[in-house]
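Breakdown of the fold
Each chain, letter by letter, is given below.
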Amino acid sequence: MEACCSSPAALCYWFVVSLIAWGALSLVGMVWLPLHPPSAAACLLAMAIGCFANWLRNRSFHCVITGPLFLIAGIVFLLAGVRMIHVDTRWVWPAVLIGTSVALLLEWRYAKRAAS
């Protein structure tokens, strides 16, 4: 299957799946503090789940890049939160922003657009 550009329906699907995943992770976070609701780890992991689901259902081009990017960033924040690694997390957010921007630019440039 070919990848395509994002549509309003695909973005809505990603948002709903991410919100549900964030809710589930937040429930876990009530017991295990590194995943507390406003944590960067919970938000990024939920966004990664949304991207993987969106790729499987809608084949949104940028999700094949942002899904792993959000997953890696979420894991970095999670490991830093449990003090397994020491990372200056202020460098993670610019990497996420740049990676997401590159993914969206590549989608705009190369992905198949839906017929109008």
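Here we summarise the structure given alongside this text. (Residues numbered from 1 in each chain as written. Predicted model: local features only at pLDDT ≥ 70, side-chain atom pairs only at ≥ 80, totals over all residues. Heavy atoms only, no water.)

A word on the packing of aromatic side chains
A full pass over the atoms with the stated rule returns one aromatic pair. One residue, arginine 59, lies across the ring of tryptophan 55, its end atom 4.8 Å from the ring centre. (Phe/Tyr/Trp six-rings, centres within 6.5 Å; stacked < 30°, edge-to-face > 60°. Lys NZ or Arg CZ within 6 Å of the ring centre and 35° of its normal.)

Examining the pattern of salt bridges
Inspection of the entire model under this criterion finds one salt bridge. Here aspartate 88 makes a salt bridge to arginine 90, at a shortest N to O gap of 2.7 Å. (Salt bridge = Lys/Arg side-chain N within 4 Å of Asp/Glu carboxyl O.)

Here's the deal with helix α4 (residues 92-110)
Compared with the 27 Å implied by 1.5 Å per residue over 19 residues, the 27 Å span of α4 between its first and last C-alpha is a close match. Tucked inside the fold, the buried residues of α4 contact α2 (40-58) and α3 (63-81). (Helix = DSSP H or I, 4+ residues; strand = E, 2+ residues; numbered from the N terminus. Expected span 1.5 Å × (residues − 1). Contact = heavy atoms within 4.5 Å.)

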